[in-house]
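# What the coordinates show
Spelled out from the first residue to the last, the chains are:
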Amino acid sequence: VAEGKPLSITFRDKEGHEAVAVTEFLAEAALKRPLSEEIIRKQVDRLGTSVFALTDLVCHIEGAVMVPMSEINEARRKATEALEQQRLADLPPYKYPAAPKAWPMGEGHSVKLPKSSLMVSVDSLEQMEAAIAGGADGILFGGESYHHKQLNNEDYPKAWKMAKEAGVRFDLNTPRILRMNAQKSLENLLAGCRDFPPAAIHVHNIGVLHLVRNLTDFPIHADYSLISYNETALTAMQGLGVVEATLSPELNEGQMKKLVKESALPLTAIVHGRLELMISEYCVTGSFLGGAGKKPCSRPCQKGKYFLKDRKEALFPLVMDQYCHMHVLNSKTLSMLPHAMKFLPAGISTLRIEGKYFSPGELEKITRAYRKAMALPKELDEAQQAWLEQQEGKDITR
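Described in the following lines is the structure provided in the data block. (Residues numbered from 1 in each chain as written. Predicted model: local features only at pLDDT ≥ 70, side-chain atom pairs only at ≥ 80, totals over all residues. Heavy atoms only, no water.)

### Comments concerning the overall build of the protein chain
Formally: In this text, helices come from DSSP runs of H or I with a minimum length of four residues, and strands from runs of E with a minimum of two, each type numbered from the N-terminal end. All radius of gyration figures rest on C-alpha atoms, and the globule criterion is 2.2 Å times the number of residues raised to 0.38. Classification of residues uses two cut-offs on accessible area relative to the type maximum, computed with a 1.4 Å probe and protein chains only: under 20% is buried, over 50% is exposed, and between them is partly exposed. By the convention used here, residues are in contact when the closest approach between their heavy atoms is within 4.5 Å. Computed by Shrake-Rupley with a 1.4 Å probe, the accessible areas treat only the displayed protein chains as cover when residues are assessed. When charges are counted, Lys and Arg contribute as positive and Asp and Glu as negative, whereas His and the chain ends are disregarded. Charge positions come from single atoms, namely NZ of Lys, CZ of Arg, CG of Asp or CD of Glu.
What the protein chain contains, in helices and strands, is twelve helices and 18 strands. Expected size for 398 residues packed as a compact globule is a radius of gyration near 21 Å; at 30 Å, the protein chain overshoots this value by more than 25%. Taken along its principal axes, the extent of the C-alpha atoms in the protein chain is 90 × 55 × 50 Å. Put simply, the protein chain has 398 residues, and 45% of those count as buried. In the protein chain, once contacts between residues fewer than 6 apart in sequence are set aside, the share between residues at least 24 apart is 67%. Accessible area of the protein chain: about 22300 Å², with a carbon and sulfur share of 53%. Put simply, the protein chain has 49 plus and 49 minus side-chain charges, and the middle of one group is 4 Å from the middle of the other.

Spelled out as structure tokens, the structure:
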């Protein structure tokens with residue numbers, strides 16, 4: 001760099017690529033702090049967000065000149081970007097891997113599952129009984145308990161028999177988070193299901209999908225934690241043996257309608273419930289109130305209800321599952337009740353209520369409301385609109 005000329009930065013890598021960038025600012029005579037090799041090194045060596053590291057620096061400075069630090073930084077950014085582009089241009093074209101082959105189905109495996117237009121997710125026999133009384137024609141049972149209770153050897157057969165007697169579809173849920181020390185309990189549950197086969201097993205991650213595929217020949221439903229967000233994801237999951245999927249709750253109406261047309265899999269939409277915002281290994285109630293860490297936890301989560309409160313005074317429910325994972329739920333209840341009649345005509349196979357947070361009485365009322373709303377016409381009269389608003393309450397979100 002010299003007075004009246006721009007500062008020029010040249011980057012060279014060991015493969016011989018070279019990139020040059022110059023400042024728009026023309027160097028001026030320095031009044032206080034002239035540029036030095038130390039100053040330039042400090043600015044040029046700021047490569048932390050790139051793939052590069054500075055190994056050698058050669059400076060050519062004529063006279064006592066100055067260039068603003070912002071100009072040096074911008075020239076460094078441009079030179080880094082140009083060098084990256086040169087390196088990328090020399091790479092061979094990327095060859096996309098072949099689509100995954102479908103996993104073999106067990107003998108007698110059928111993908112013709114019983115239909116369920118309204119399914120309710122529960123974690124207790126009491127909730128299940130309430131959901132059936134409210135009009136659910138499908139039950140998703142088990143998974144992570146919001147009441148800190150492990151399914152015992154009698155709960156699952158009782159639930160299966162209750163569903164069979166009521167003539168409703170019965171699916172088995174699995175945990176969203178499954179650590180190695182809990183894997184054996186799931187394996188034992190799957191082994192016990194052979195005498196009481198579920199219509200489908202819901203999986204929430206690739207690891208459990210692989211486990212279920214290897215240990216059983218039950219149909220697999222990819223639940224929303226597997227992020228059914230686009231056609232590519234649904235196609236990939238179909239190749240892994242999935243026969244149904246629950247759409248991501250983050251999709252809007254337009255995206256859902258598009259996926260219904262593109263997907264070969266029957267799709268479920270979650271329409272009601274306190275959705276999970278976070279699952280944490282760290283338990284607030286156990287640490288602050290239960291003495292966890294210093295002694296065995298006294299399990300305050302089973303003695304009362306707890307919430308996180310944000311700066312706007314919103315309360316986010318905390319629930320602890322059987323693995324002592326803390327689930328942070330939304331402060332508002334998702335409700336699509338006024339739109340319940342639109343999903344099936346749009347091609348969605350199943351509406352699902354996430355019912356684990358609700359009491360049996362609340363859940364029966366909610367399920368009954370959805371069963372009635374699903375039968376309403378798209379164009380509502382004033383009485384129907386007023387009834388829907390009364391059923392919903394105020395603390396809801398779309």
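### Considerations on helix α2 (residues 69-89)
The condition that has to hold: Residue count minus one, scaled by 1.5 Å, sets the expected span of a helix. Think of the arc as the fan of directions from the helix axis to the C-beta atoms.
Here α2 is 21 residues long and its end C-alpha atoms lie 30 Å apart, about the 30 Å a rise of 1.5 Å per residue gives. Residues Ile72, Asn73, Ala75, Arg76, Ala79, Thr80 and Leu83 constitute the buried set of α2. In a view along the axis of α2, the buried residues occupy a sector of 160°, so they form one face of it. Residues of α2 that are exposed and angled more than 90 degrees away from the buried face: Ser70 and Ala89.

### What about the sheet that holds strand β15 (residues 326-329)?
To keep things clear, this is the line we draw: Strands were regarded as paired on the criterion that DSSP finds at least two bridges between them. A fitted line through C-alpha atoms represents every axis, and for helices the fit uses only the stretch in contact; the resulting angles, taken between N-to-C directions, go from 0 to 180 degrees.
One open sheet holds the four strands; their spatial order is β12-β15-β14-β13, and the pairing between them is antiparallel. In the strand order of this sheet, the two ends are held by β12 (276-280) and β13 (306-309), each with one partner. Taking the axes of each pair of neighbouring strands and ignoring which way they run, one obtains an average angle of 30° across the sheet. Across four bridges, the pairing between β12 and β15 is antiparallel. Opposite methionine 278, over in β15, you have valine 328 as the bridge partner.

### Some points on the nonpolar core
Soluble globular proteins tend to pack their nonpolar side chains together in the buried interior. This is how the line gets drawn: Put simply, a nonpolar core is a bunch of buried Ala, Val, Leu, Ile, Met, Phe, Trp, Tyr and Cys residues held in one set by side-chain atoms that sit within 4.5 Å of each other.
Met128, Ile139, Phe141, Phe170 and Tyr370 are the most contacted members of the largest nonpolar core, which totals 67 residues. The greatest single-element share of this core, amounting to five residues, is contributed by helix α11 (residues 360-373). The contact partners of tyrosine 370, leaving out residues within four places of it in the chain, are Leu118, Val271, His272, Ser335, Met336, Leu337, Ala340 and Ile353. Grouped together as the second largest cluster of nonpolar side chains are 19 residues, Val1, Ile9, Phe52 and Leu83 included.

### Some details on the pairing of β13
Pairing analysis gives four bridges linking β13 to strand β14 (residues 315-320), with the strands arranged antiparallel. Note that in β14 the partner of leucine 308 across the bridge is phenylalanine 316. The hairpin formed by β13 and β14 contains five residues between the paired strands, and glutamate 313 there has a positive phi angle of roughly 70°.

### Some points on the packing of aromatic side chains
Put simply, the rule reads: Aromatic contacts are taken between Phe, Tyr and Trp rings whose centres are within 6.5 Å, Trp giving its six-membered ring; a plane angle under 30 degrees counts as stacked, one over 60 as edge-to-face, and the others as tilted. Either the NZ atom of lysine or the CZ atom of arginine qualifies as a charge over a ring when it sits within 6 Å of the ring centre and within 35 degrees of the ring normal.
Inspection of the entire model under this criterion finds four aromatic pairs. Between tryptophan 160 and phenylalanine 196, the ring centres sit 5.2 Å apart and the planes meet at 70°, which makes this aromatic pair edge-to-face. Placement of the pair is tryptophan 160 in helix α4 (residues 155-166) and phenylalanine 196 in the loop between α5 (180-192) and β8 (201-203), with a sequence separation of 36 residues. By the burial criterion, tryptophan 160 is buried, and phenylalanine 196 matches it. An aromatic cluster of three or more residues is present, and its members are Phe141, Tyr156 and Phe170. Lying over the aromatic face of tyrosine 357, lysine 305 brings its terminal NZ or CZ to 5.4 Å of the ring centre.

### A few points about unusual backbone geometry
Although it is not a glycine, histidine 148 adopts a positive phi angle of roughly 60°. Mapped onto the elements of the fold, histidine 148 is located in the loop between β6 (138-142) and α4. Here arginine 299, not a glycine, exhibits a phi torsion of approximately 60°, which is positive. If you trace the backbone, arginine 299 turns up in the loop between α9 (284-288) and β13. Judged by relative accessible area, arginine 299 falls into the partly exposed class, the value being 43%.

### Here we look at the packing of helix α3 (residues 125-134) against α11
The cut-off we apply is this: Any angle between 65 and 115 degrees counts as roughly perpendicular, while under 35 counts as roughly parallel, over 145 as roughly antiparallel, and the rest as oblique. Helix crossings fall into two classes, left-handed where the near helix is turned counterclockwise from the far one by less than a right angle and right-handed where it is turned clockwise. Basically, the charged four are Asp, Glu, Lys and Arg, the nonpolar ten are Ala, Val, Leu, Ile, Met, Phe, Trp, Tyr, Cys and Pro, and anything else, Gly included, counts as polar.
Direction vectors running N to C along α3 and α11 enclose 30°, while the axes themselves pass 7 Å from each other. In terms of axis orientation, α3 runs roughly parallel to α11. Where α3 crosses over α11, the two elements pack in a sense that is right-handed. Where α3 abuts α11, its residues Glu126, Gln127, Ala130, Ala131, Ala133 and Gly134 lie against Pro360, Leu363, Glu364, Thr367, Arg368 and Arg371. For the contact of α3 with α11, the class distribution of residues is five nonpolar, three polar and four charged.

### Comments concerning the environment of alanine 30
Structurally, alanine 30 is set in the loop between β3 (28-29) and α1 (37-44). Each C-alpha atom of the pair alanine 30 and valine 65 lies 4.6 Å from the other, and the pair is 35 residues apart in sequence. Once residues within four sequence positions are removed from consideration, alanine 30 is found in contact with Ala64, Val65 and Met66.

Treat this as a map of the structure, not an account of what it does.
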